[in-house]
Amino acid sequence: MSKEEFKNAVKRIGVLTSGGDAPGMNAAVRAVVRASVYRGIEVIGIRRGWQGLINGDMFPMTTKDVSHIINTGGTILYTARSEEFRTKAGRERAYNNCRLFGLDGIVAIGGDGTFSGALALATEFPVSVVGIPGTIDNDIGCTHYSIGYDTAANTAVEAIDKLRDTMQSHERCSVIEVMGHRAGNLALYVGLATGATAVLIPEEPWEIERDVIDKIRSARIAGRTNFMIVVAEGAHPQDTTELEEAGITEKSGAGVAVGELIQRHLGLSPRVTVLGHVQRGGAPSARDRVTATRMGHYAVNILAEGKTNRIVVHTEGAIHDIDMVEGLAMKNTLNENEKVVVKTMTGVY
Ligand code: F6P
């Protein structure tokens, strides 16, 4: 179809990235721009998330602005968290820039917080909004997949495989802290992929003897002499007494806390590695590039069809969209089967 033949419900849309960045966000931005140009819809890039919309930090985007970014991590639109956008006055300033730039739709790439902001804006003002899930935690309840998860998991797996080499050589215990402040999705997945001795997640407060020491002991009795303990940064103990005695606080970090107790219980001198923000960078995997492209294309098409307050989701292997209110009400749940498999894989030697 030629551009003229498309009937678009929107003439000019904005695109932004918000919250923690994720590998693949650039691929999504690229797809939004290219799908829009294909339909004859103009695109305004909004830098620095919702704060950028408040500040008018915006610029027209063409296909030239998104060339050679499908394979790059981070976000060319920058990202930021905005306290001001949480206020009606802030959203009014944002809406005034929607009017000034002639935006009748916005594609917001980010997590739950990003979508809550989009919904508030669209509820208060006549702007159509569509969310695309992008967070390495993959903890958005309404979608099985969020952009960045596969790349972050592979980054962590590659690092843990390297750690395993040296732990095997020195016959040591490695405690690896991965991202996931509230959600254990990444830790479970990475623990499974690396054959971890134990996996600790925020959703299940741990007890050191039951969840770590017994597993190390079983492995040692079975002849293992190196041990890999994967800990989500938000994992925490049922009881903090021992940690308090050791002067370990939440600020020390989940990995350090577990390492300290392993030392106290077994004297193994565990080596603690906090993978941190390295999991947020890097060239996006093929899965993230393709998923992001499909989601960006889908988002533009449903805006063009006149839909609003939608989140693009990936469930049962297909991409579709869900009402934003309904989607935000759905809480992140861990894959129960994955939990059973991890329990089995870390429970026998
Ligand atoms: O994007 C999610 C996330 O990476 C969490 O896993 C992590 O706890 C948080 O962002 C870190 O936020 P910041 O980049 O602001 O330190």
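In the block above lies the structure referred to throughout.
A brief look at the structure comes next. Every value quoted in this text rests on a predicted model; they were computed, and no experiment measured them.

## Description of the site of the ligand
Thought 1: Every residue lining the ligand is accounted for by Gly20, Arg81, Thr135, Ile136, Asp137, Met179, Gly180, His181, Glu233, His277 and Arg280.
Thought 2: Residue Arg81 places a side-chain N or O atom 2.6 Å away from an oxygen atom belonging to the ligand.
Thought 3: Gly180 places a main-chain nitrogen or oxygen 3.3 Å from an oxygen atom of the ligand.
Thought 4: In isolation the ligand offers 400 Å² of accessible surface; the protein chains occlude 74% of this area.
Thought 5: With respect to the pocket detection grid, the ligand is positioned in the largest pocket.
Thought 6: The residue makeup of the shell around the ligand, split by class, is two nonpolar, five polar and four charged.

## With respect to the layout of surface pockets
Here the idea is plain: a probe the size of a water molecule rolls over the atoms and shows the empty space left.
Thought 1: Quantified by volume, the largest pocket comes out at close to 760 Å³.
Thought 2: Per-element tally for the lining of the largest pocket: the top contributor is helix α4 (residues 112–124), with six residues.

## Details of the sheet that holds strand β9 (residues 271–274)
Thought 1: Spatially, four strands are ordered β7-β8-β6-β9 in an open sheet, and the strand pairing comes out parallel. Bordering the open sheet on either side are β7 (198–200) and β9, each of which pairs with just one other strand. Direction aside, the axes of adjacent strands within the sheet are offset by 15° on average.
Thought 2: Bridge count between strand β6 (residues 173–178) and β9: four bridges; the pairing is parallel. Residue pairing across strands places Ile176 opposite Thr273, the latter belonging to β9.
Thought 3: The strands touched by helix α9 (residues 254–266) within the sheet are β6, β7, β8 (227–232) and β9, with β6 carrying the most contacts at an inclination of about 160°.

About the thresholds
- Residues numbered from 1 in each chain as written.
- Predicted model: local features only at pLDDT ≥ 70, side-chain atom pairs only at ≥ 80, totals over all residues.
- Heavy atoms only, no water.
- Near = heavy atom within 4 Å.
- Polar contact = N/O pair within 3.5 Å; in protein donor to acceptor, adjacent residues only side chain to side chain.
- Areas by Shrake-Rupley, 256 points an atom, 1.4 Å probe, with all protein chains shown as cover.
- 1 Å grid on protein atoms, 1.4 Å probe; cavity = no way out; pocket = protein on both sides within 12 Å on 5 of 7 lines; lining within 4 Å.
- Sits in = over half its atoms within 2 Å of the grid points.
- Nonpolar A, V, L, I, M, F, W, Y, C, P; charged D, E, K, R; others polar.
- Points joined across faces, edges and corners; volume = space filled by probe spheres on them.
- Helix = DSSP H or I, 4+ residues; strand = E, 2+ residues; numbered from the N terminus.
- Pairing = 2+ DSSP bridges.
- Axes fitted to C-alpha atoms, helices over the stretch in contact; angles between N-to-C directions.
- Contact = heavy atoms within 4.5 Å.

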